[in-house]
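# Descriptive analysis of the structure
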Amino acid sequence: MFSAVAFMFSSVIIKFVTMRLIVRMKQTIKEVQDQKALLLNELRKTSTQLAIQERNKAAIERKLVKREKKMRELSLELQEYEEDHGRRESKRKEIKKQLIR
């Protein structure tokens, strides 16, 4: 009889401990799922920001290429103007020498 009561008492204690463990496990699972959801949300935000930054970088690189091309064109044009100015200057000097003689 005593062993039956002890067995019943131990089964109640085991059931109580098991219930506590199940509750704790469910709580842990919920915390992990919440943390996972937060991290996934942060990952989405970060990947969106990265995509925007890559698009902006590509646009800036295109603008840089255009400006470099324009700078090359302008430097060639300036070089032509300087050469033309030099030719005109030498012609002026030549004409002045002829007029002085």
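Our subject is the structure listed above.
Reading the values: rules and limits
- Residues numbered from 1 in each chain as written.
- Predicted model: local features only at pLDDT ≥ 70, side-chain atom pairs only at ≥ 80, totals over all residues.
- Heavy atoms only, no water.
- Helix = DSSP H or I, 4+ residues; strand = E, 2+ residues; numbered from the N terminus.
- Rg over C-alpha atoms; globule rule 2.2 N^0.38 Å.
- Buried < 20%, exposed > 50% of the residue type's maximum accessible area, 1.4 Å probe, protein only.
- Areas by Shrake-Rupley, 256 points an atom, 1.4 Å probe, with all protein chains shown as cover.
- Lys, Arg positive; Asp, Glu negative; His and termini not counted.
- Charge placed at Lys NZ, Arg CZ, Asp CG, Glu CD.
- Patch = residues over 30% accessible without salt bridge, like charges linked within 9 Å, V, L, I, M, F, W, Y side chains within 5 Å.
- Salt bridge = Lys/Arg side-chain N within 4 Å of Asp/Glu carboxyl O.

### Observations concerning the overall build of the chain
Regarding its fold elements, the chain presents one helix and zero strands. Taken against the 2.2 N^0.38 rule, which gives 13 Å for 101 residues, the C-alpha radius of gyration of the chain at 43 Å runs more than 25% over that of a compact globule. Dimensions of the chain along its principal axes, counting C-alpha atoms only, are 145 × 15 × 10 Å. Residues counted as buried form 0% of the 101 residues belonging to the chain. Carbon and sulfur atoms form 63% of the exposed surface of the chain, whose accessible area is close to 10,500 Å². Each charge class in the chain can be summarised by its mean position, and for the 25 positive and 14 negative side chains these summaries are 9 Å apart.

### Observations regarding a negative patch on the surface
A surface patch of negative charge is lined by Glu-73, Glu-77, Glu-80, Glu-82 and Glu-83. Take Glu-83: it is sitting in helix α1 (residues 2-100).

### Re a positive patch on the surface
Together, Arg-62, Lys-63, Lys-66 and Arg-67 make up a region of like positive charge exposed at the surface. Inspection of the secondary structure puts Lys-66 in helix α1.

### Observations regarding a nonpolar patch on the surface
A cluster of nonpolar residues, Phe-9, Ile-13, Phe-16, Val-17 and Leu-21, forms a patch on the protein surface that exposes about 520 Å² of accessible area. With respect to the secondary-structure elements, Val-17 resides in helix α1. We classify Val-17 as partly exposed; its relative accessible area is 43%.

### Here we look at the pattern of salt bridges
When the charged atoms of two side chains lie near each other, side chains of opposite charge can form a pair. Summed over the entire model, instances satisfying the criterion amount to four salt bridges. When the shortest N-O distance is used, the salt bridge between Asp-84 and Arg-87 registers 3.5 Å. Placement of the pair is Asp-84 and Arg-87 together in helix α1, with a separation of three residues, close to one helical turn. The exposure class assigned to Asp-84 is partly exposed, which follows from its relative accessible area of 24%. A salt bridge links Glu-89 to Arg-92; the shortest N-O distance between them is 3.4 Å.

Nothing here speaks to function; it is all geometry.
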